[in-house]
Amino acid sequence: MLPVINEELGAYSDMFMLLAAFAYAVALIVFAWDLAKSNSTIRAIEEDVLRTEAKEFATVGAPDSNPYASTGGAQPPRQLVDDSMDYTAASGTRGIARIAVVLTWLAAVVHTAAVVTRALAAGRVPWGNMYEFLSTGALLVAIVYLLVLLKKDLRFMGVFVTLLVTVMLCAATMGFPTPVGHLVPALQSYWLIIHVSIAVLSSALFTITFVASVMQLMQHRRQAKLEAGGRDIMPFLRLVPSAGALENLAYRINAVAFVTWTFTVMAGAIWAEAAWGRYWGWDPKEVWSFVIWVVYAGYLHARATRGWTGVRSAWLSIVGYACLIFNFTVVNVYFDGLHSYAGV
Amino acid sequence: MAAEDNVREDRANEAQGAGPDKPGRNARRQDVTAPALGFTGMIRWAWTQLTTMRTALFLLMLLAVAAVPGSLFPQRAANDAAVTAYLENNPTAGEWLDRFQMFDVYSSIWFSAVYLLLFISLIGCILPRTKKHAQAMRTPPPRTPARLSRLPEHGTLRLGAAGGGGHDDGGAPSSYEARNSAMRRAAAVLKKRGYRVQERPAGEGGAVASVGAERGYLREVGNLVFHISLVGILASVAVGGAFGYNGQRILVEEESFVNTMVSYDSFSSGTAFTPELLHPFSVVLDDFEVTYDRDTTSSFGQQIDFEASVTTREPGEAPQEQTLKVNHPLRIGGASVYLVGNGYAPVVTVRDGNGDVAFRGPMPAVPQDSVFTSLMVLKVPDAQPEQLGFVGLFLPTAGEANGVGISLDPSPALPQLQLNSYTGDLGLDDGTPQNVYVLDTDEMTELNSRNLDAGGLVINPGETVDLPAGKGSISFDGLQRFAGLDIQYDPSKAPVLVFATLALGGLAVSLFTPRRRVWVKVSDAEDDEAAGPTMEYGLLARGEDPRLSHEATEIRRQLSAAAAEHRPGTPGEDQE
């Protein structure tokens, strides 16, 4: 039967959510500090190495073999991150980044508490309205990122991921505050658990590929400029793998996300059949889910088309994410459709 | 569809000794675009253009863009009333938008053109690829490249002194039989890992024995299944939708519905529909129950659950008691019955000027808001000497704000009717269809309203109120609920579900099955013949394959383990 609502526990959940947002914001600042500082620290170390090596080479007389001799000169500066994005012995030296990761874990724990108490207070899954969808989605972004972080050194993404998570939580708590409550009858279905959880997961994955694609474009511009003999415009990108490696990362995650998104749309169609009597009715939400699906299908095809790999496919990935955001915000709030009750 | 990974393909050609500028897709297209084509040439050129990846990509993007207007403007298929309202509010723009089929986007010429072209392009891509893959599945793995060291993953194993069958003396060059048996062991390893292998033994006195192996044929199969299923979905929608129908019906408690055309309040059907497709089942609404939210302050009083108890009956079968809820439709005789709305139907009795009963029964009132303030319209054409009409509100929990009656809660705690009454001609006699929920008062005289001395009618349950000037009376006898039902029959559902499931499966297989080629070569080391035979291996991925190096490591481990088993005495030791 219908669950009992616990408004007091709901109030605790709201408090945890604010705490989590605050913790992510702090992690964001520390991540940004790491990027800024790593850059200057590394330069200092390099200059130091250069000086001592120059001295040694002066006595030995073999300056050509100095790997750092040309830094800032004709050759582009070395990347400080392996394209495989594995942790290396040198990874541990970024102490500030480590603090940032710990802070993100802490934030994620508080965030989990917020989402779990919300679910307990409502006696159901915590994705019945936009506030819950956003806050649970943000938690999934953070958790996916932290889990990948256990295996791969993606700390260079930290600033962007924590920024997005903070923005999502702020949007949830300020833009769509919704007190804990019952589900309207149309949402009382086990498809809510299946359809929406996969939608949240897909959105979290697309969020991460969006970050990778944006960084890919930045890195691409920087690499092109360096190859043309220009100045290093964004030196902090030395902590970021090459554009090609970022493209592969985005592609792999996008491939998974495309499959889960396909499933989201299919599960949605099955649910729509049970709830509204038709599996597809070009409701605004359905239209935009379809548009997103087509754009990411285009992305996957672009990767196999000559002349469309690299920058162009990265733009497709970004456009797809923009459609996803549009679908969640503008379509939910301003468009009149059957999904509107899922909104505010 | 994915023209396989171009770069890797080039690298494979290169490793096999073919030049990178072997005529490929682009070169062929240049040939075709040469002038003086003639008619068939033009057709061929157009076909080639349409089936290129680039065109498919363009059409995909166009499809995404073309779908958008359907979310910006109301659509006739989903909400006809919204389109009519839009046209009334924006007469000039609306007319132009309508001319460009902006209110029927998904059946418009331009939207259809895009997706039909896309599907033709798709079919033009599927057919040759199916043929090609059917051949590939019967073709042995490609010949062993001359230099395995040019492949993205490669390595060398020294098989040690007794690299062969164990009867060679250490330190001597291996025999070709020994090389062949080492090669066969490698082939066995690869076979066990799911590769299709072809053994290429060295002839008598031959220097090189090799294995060609390939796996991941399912990748392309999955890809083809995915794309063919998309065509299947489109075909199912087109064919199945034509035979379907859907209709709406408001059913008051204790009322019964029989699935025939005349029973529907509104009805629409596909182009191939015939009335014989209506399965003659019946539904009786026994009871309708609503649960209200009394737990939260934010949505206090909202309907949080409702269910209809119904008795269904199919011809020749015993009646069945069932529960109908949102998200839990009834499935009867291929059709589905959905609960899409609910409301109140006050039971009233109207007596006319002659004192005869002119109307008796429940009259559904249309809910206007979340507290179920409901619009009530009652037409009494049988009233004598003059027809009667009533319009006004039904309030489930009556209250007052600024002198106006409002509903305070959606539950029927204090039900009340607040009506205006009219007498005269209802305008029904000329046969023009009328909206049941709109009272046309042009030919009628107002009897009761706030503006008249007589005032509006306020009727509580059990009360009877007389109309002015002896025109009759109206009583509020009781209250019933009604359920809004939607009855659907769509034979495309099952095939679309099957094709969609196949598409999802095919997609996952095509994206996550790695397609790999492996070659293993056994020959005597070039630098040191006395060291015995060496085994070279090389791996090549077709398409994205982040796990290729892991696969290389695993194969290396198994190859050296297999070699060690056949080398008595010394433990397996390998080196790069």
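Structure report, in brief. Quantities reported herein were computed from a predicted structural model and do not represent experimental measurements.

### Some details on helix α7 (residues 284-302) of chain A
Relative to the 27 Å expected for 19 residues at 1.5 Å per residue, α7(A) spans 26 Å between its end C-alpha atoms, a close match to the ideal helical length. Within α7(A), 19 of the 19 residues are buried, which leaves the element mostly enclosed by the surrounding structure.

### Topic: empty space enclosed by the protein
Residues and elements named next belong to chain B. For the structure shown, the criterion picks out three cavities of 30 Å³ or more. Considering only enclosed or pocket space, the largest cavity measures out at about 50 Å³ in volume. For the lining of the largest cavity, the elements supplying multiple residues, two or more each, are α9 (176-192) and α12 (548-565). The residue makeup of the lining of the largest cavity, split by class, is seven nonpolar, no polar and one charged.

### A word on the packing of aromatic side chains
Any pair of aromatic rings gets described here by the distance separating the centres and the angle formed by the planes. Residues and elements named next belong to chain A. Throughout the structure, instances matching the rule amount to 30 aromatic pairs over all chains. Aromatic side chains Trp-288 and Phe-326 sit 4.4 Å apart centroid to centroid with 50° between the ring planes, which places their arrangement in the tilted category. On the criterion of sequence distance, the pair formed by Trp-288 in helix α7 and Phe-326 in helix α8 (residues 311-328) is long-range, its members being 38 residues apart. A residue is classified by how much of its surface remains accessible, and Phe-326, at 26% relative accessible area, is partly exposed.

### Brief notes about unusual backbone geometry
All names here are of chain B. Across the junction of Gln-384 and Pro-385, the peptide omega takes the value -5°, indicating a cis bond. In the Ramachandran plot, Gln-101 falls in the positive-phi region, its phi being about 60° despite a non-glycine side chain. Positionally, Gln-101 belongs in the loop between α7 (91-99) and α8 (109-138).

### Thoughts on the packing of helix α10 (residues 217-242) of chain B against helix α11 (residues 493-512) of chain B
Residues and elements named next belong to chain B. Contact geometry for α10 and α11: axes closest at 7 Å, N-to-C directions at 155°. Relative to α11, the element α10 lies roughly antiparallel. The element α10 and its partner α11 pack so that their crossing is left-handed. Taken together, the residues of α11 that come into contact with α10 (itself represented by Leu-218, Arg-219, Gly-222, Asn-223, Val-225, Phe-226, Ser-229, Gly-232, Ile-233, Ser-236 and Val-237) are Pro-495, Val-496, Phe-499, Ala-500, Leu-502, Ala-503, Gly-506, Leu-507, Val-509, Ser-510 and Leu-511.

The rules we used
Residues numbered from 1 in each chain as written. Chains lettered and ligands numbered in written order. Predicted model: local features only at pLDDT ≥ 70, side-chain atom pairs only at ≥ 80, totals over all residues. Heavy atoms only, no water. Helix = DSSP H or I, 4+ residues; strand = E, 2+ residues; numbered from the N terminus. Expected span 1.5 Å × (residues − 1). Buried < 20%, exposed > 50% of the residue type's maximum accessible area, 1.4 Å probe, protein only. 1 Å grid on protein atoms, 1.4 Å probe; cavity = no way out; pocket = protein on both sides within 12 Å on 5 of 7 lines; lining within 4 Å. Points joined across faces, edges and corners; volume = space filled by probe spheres on them. Nonpolar A, V, L, I, M, F, W, Y, C, P; charged D, E, K, R; others polar. Phe/Tyr/Trp six-rings, centres within 6.5 Å; stacked < 30°, edge-to-face > 60°. Axes fitted to C-alpha atoms, helices over the stretch in contact; angles between N-to-C directions. Parallel < 35°, antiparallel > 145°, perpendicular 65-115°, else oblique. Left-handed = near helix turned anticlockwise from the far one by under 90°. Contact = heavy atoms within 4.5 Å.

These results come straight from atomic positions and should not be treated as a statement about function.
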